[in-house]
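Observations on the three-dimensional arrangement
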Amino acid sequence: MGSVVWLKQSLADQASFGDAERNALARIFYVIAIVVFASLVLGTFNNLFSDWARFPFAIPAAAVIIGALIAAARLGHLRVASILLPPVTLATVAHVLWTRDGLHDNGVLSLAGVLVIGGVLLTRRAMIVFTIATLTVLLGVGYAEIAGLLQNRLSEFTDVRHLVGVCLVLVVIAITARVIAESLFMSLHQAQEKSAALEESQERLARMIDASPESITITTLDDGVFIEANPACEQLYGYKREELMGRSAVELGFWADPEDRRTFIADLRRHGVVEAREVRLRRRNGELREALASGALIELEGRQLMLFQAVDVTERRRAEHLLEESEARLAKMIEASPEAITIGSLEDGKFIEANPACEQLTGYTREELIGRSPVELGFWPDPEERGRFISDLRRDQVVHGRELRLRRKGGELRTILASAAIIDFKGRKFILFQAVDITERKSAEKALSEHEVMLRELSAHHDSVREGERAHIAREIHDELGQALTALRMDLSVLGIKFGEADPRIREQVQELKGRVDAIVQVVRDVATALRPAALDLGIVPGLEWLVEEFQKRNGIHCTVSVAESDIALGEARSIVLFRIVQESLTNVSRHSGARNVEILLDHDAERIRLDVEDDGVGFDVEAARSKKTFGLLGIQERVIMLRGELSIASAPGRGTRVSVSMPIA
């Protein structure tokens, strides 16, 4: 059972051998096995002529077994054969020692040889077991000789001292053989690992070269004949790998300038390496490409070769050139811009660039601005305004068209329209700041606004005066002219009574004149009403009701007035404005809308009054009407603005029109 375990352990140990170790073990096994086999064959022939009674039949048997082991090794069972060879040899030697030779001369040499064989072919654990077995054979045979159980021609020389000496010698031989074998196999193992690592490294290098986006070639140093090229090389030069092999770079005309190649090779010979040099290379179709080339001297099979790497940077150089042109144009645009433009650091705000317009705006020269910050120069009169601006800029990355105040060099405050953006430049964050001085424009806008207010006030005053004149004229017409016409009619009546009976013709003329006077009276009433409806003096609601009634009589369009509360305390000015807005709206309805129904809604709360005039007519394009600047809409809008109100007109072709007014009650 123990021998089976030993055999399995030995097989397991040998299973971990590498290829180099197995090859070495095979060579050693065959050498030892053949030598032992030959020795056994010679021993067999030598003993054929000796005494047949003492013929060692174990020798030819062992020769047959070892021959079988050699055959088994040839069939692929090297491990089993190498493990079984030492025990077979030991068993043969033990049989010969027991039957003939004893522990002297050939016997001791045979045991030493067996230990050497075991030390070479067996593992360390197996060798320990094998050494113990060999010493057991030695001690067993020696004890038999000392005890007289085994008699041979040298038995009388065997004693304990002789046994101890031979044991020690055999132990040393066993240890030495194993150490030498382990050193040999360790060296083979290390060599195998180095070889495998080298092969793996070469494979990785080959894969890296093939997968590299850079063009990589290996050429001879003098004439540039290609020995190796990767796929990227095909893309750069336009030649397939097969077309490059065996041909030279000079023959194919890869170098646009032969002097560049001579300089490159000379520097490579001098320094052994050339790094990142810009060269021009010619492709197969004659196109010139800019490349960033590197080279290194390498030695392969005793030859000095050049490892050449190239990266096509044509597009990058073109992009860089375009970028430089763009930057130059941008610099010129900034320089010539009428807007003040600065570039400052985001961290501390210090200026790194400023254009001439900035000098005019701030009063500082470019030299005085560079390296200083707006805070240091006191540009911001309001620190809170600057804080909001910077905070918005950091959050949104850009700020457009913000009005700010700027303090110039002399302390003068200017109003500017500023924009800013955070930009990246050479890995740093900067603020691109643009500003336009709008101080004069703001002053002009203020003056214009004041002028518009004055015009509106003048217009309102004019409307107020006109309404007053209308009321005055209406009263004068109603009172004076109406009374005169009434008196005239009364006089005509008296004249008709006095002379009509005497002359029928006079009576008829008087009646005709009275009809004319009545017509004139009606005209006077209509004119007075148009100038100032008497119903308006009773309030906005009666005025609107009268207006709606007259509108329906004249146009035949159904119109309703809805009032949320009949009691509306509204000033005369606002009542007149609302009345005129409704009047103008109804006039537009009768002239343009083609509506069949009109609805007027009047509502109010504690602070504001609201008026809506809505019809179901054809509608119109509001924006187009405003662009024509019609005086009807413009008049309504101006009246509402002067009373701090709001006007909205909602209409579209085919959808009717809604005019909405909202204004404070007081």
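Just above, that's the structure.
Overview of the structure. (Residues numbered from 1 in each chain as written. Predicted model: local features only at pLDDT ≥ 70, side-chain atom pairs only at ≥ 80, totals over all residues. Heavy atoms only, no water.)

Thoughts on the pairing of strand β1 (residues 215-220)
Remark: a regular strand shows side chains that alternate across the two faces of the sheet. With six of its six residues buried, β1 lies for the most part within the structure. Pairing of β1 with strand β5 (residues 303-312) involves six bridges; the strand directions are antiparallel. Its bridge partner being in β5, Ile218 is matched across the sheet by Leu307. As judged from the three bridges shared by β1 and strand β2 (residues 226-229), these two strands associate in the antiparallel manner. Bridged to Thr217 within β2 is Ala229. Following β1, the chain reverses through five residues before pairing antiparallel with β2; Gly224 in that reversal takes a positive phi of roughly 70 degrees. (Buried < 20%, exposed > 50% of the residue type's maximum accessible area, 1.4 Å probe, protein only. Helix = DSSP H or I, 4+ residues; strand = E, 2+ residues; numbered from the N terminus. Pairing = 2+ DSSP bridges.)

Some details on the side chain of Ser215
With respect to the element layout, Ser215 can be found in strand β1. Excluding its chain neighbours within four sequence positions, the residues that come into contact with Ser215 are Asn230, Ala232, Cys233, Leu236, Tyr237, Phe308, Gln309 and Ala310. (Contact = heavy atoms within 4.5 Å.)

Concerning the sheet that holds strand β3 (residues 273-282)
Paired through their backbone hydrogen bonds, the strands of a sheet run either parallel or antiparallel. Strands sit in the order β2-β1-β5-β4-β3 across an open sheet of five strands; the sheet is antiparallel. Here the strands that pair on one side only, and so sit at the sheet edges, are β2 and β3. Going across the sheet, the axis of each strand differs from the next one's by a mean of 30 degrees, ignoring polarity. This element, helix α11 (residues 258-271), spans β3, β4 (288-300) and β5 of the sheet and lies at about 165 degrees to β3. Against the sheet, helix α12 (residues 314-336) contacts β3, β4 and β5, and its axis sits at roughly 135 degrees relative to β4. (Axes fitted to C-alpha atoms, helices over the stretch in contact; angles between N-to-C directions.)

With respect to the sheet that holds strand β14 (residues 646-651)
The five strands are arranged β11-β12-β13-β15-β14 in an open sheet whose pairing can be described as mixed. Because the sheet does not close on itself, it has two edges, and the strands there are β11 (558-563) and β14. Neighbouring strand axes in the sheet, compared pairwise and without regard to direction, differ in orientation by 10 degrees on average. Both strand β12 (residues 597-604) and strand β13 (residues 608-615) contribute to a ladder of seven bridges, which runs antiparallel.

Points about the environment of Leu135
Locating Leu135 in the fold gives a position in helix α6 (residues 124-147). Taking the C-alpha atoms as reference points, Leu135 and Val171, 36 residues apart in sequence, are found 8.3 Å from one another.

Focus: the pattern of salt bridges
Under the criterion given, the structure shown has 28 salt bridges. For the salt bridge of Arg317 with Glu278, the shortest nitrogen-to-oxygen distance reads 2.3 Å. Taken together, the positions of Arg317 in helix α12 and Glu278 in strand β3 put the pair 39 residues apart, joining distant regions of the chain. Note on Glu278: relative accessible area 49%, which makes it partly exposed. Across the pair Asp437 and Arg414 runs a salt bridge, and its minimum N-O distance is 2.9 Å. Placement of the pair is Asp437 in strand β10 (residues 428-437) and Arg414 in strand β9 (residues 413-425), with a sequence separation of 23 residues. Among the residues examined, Arg414 registers a relative accessible area of 13% and is labelled buried. Connected through shared salt-bridge partners, Arg283, Glu287, Arg289, Asp312, Glu315 and Arg318 make up one network. (Salt bridge = Lys/Arg side-chain N within 4 Å of Asp/Glu carboxyl O.)

Topic: the side chain of Ser660
As for its position among the elements, Ser660 is in strand β15 (residues 657-664). A polar side-chain atom of Ser660 sits 2.8 Å from a polar atom in the side chain of Asp612. What Ser660 contacts, discounting residues up to four positions off in sequence, is Arg610, Leu611, Asp612, Glu646, Leu647 and Ser648. (Polar contact = N/O pair within 3.5 Å; in protein donor to acceptor, adjacent residues only side chain to side chain.)

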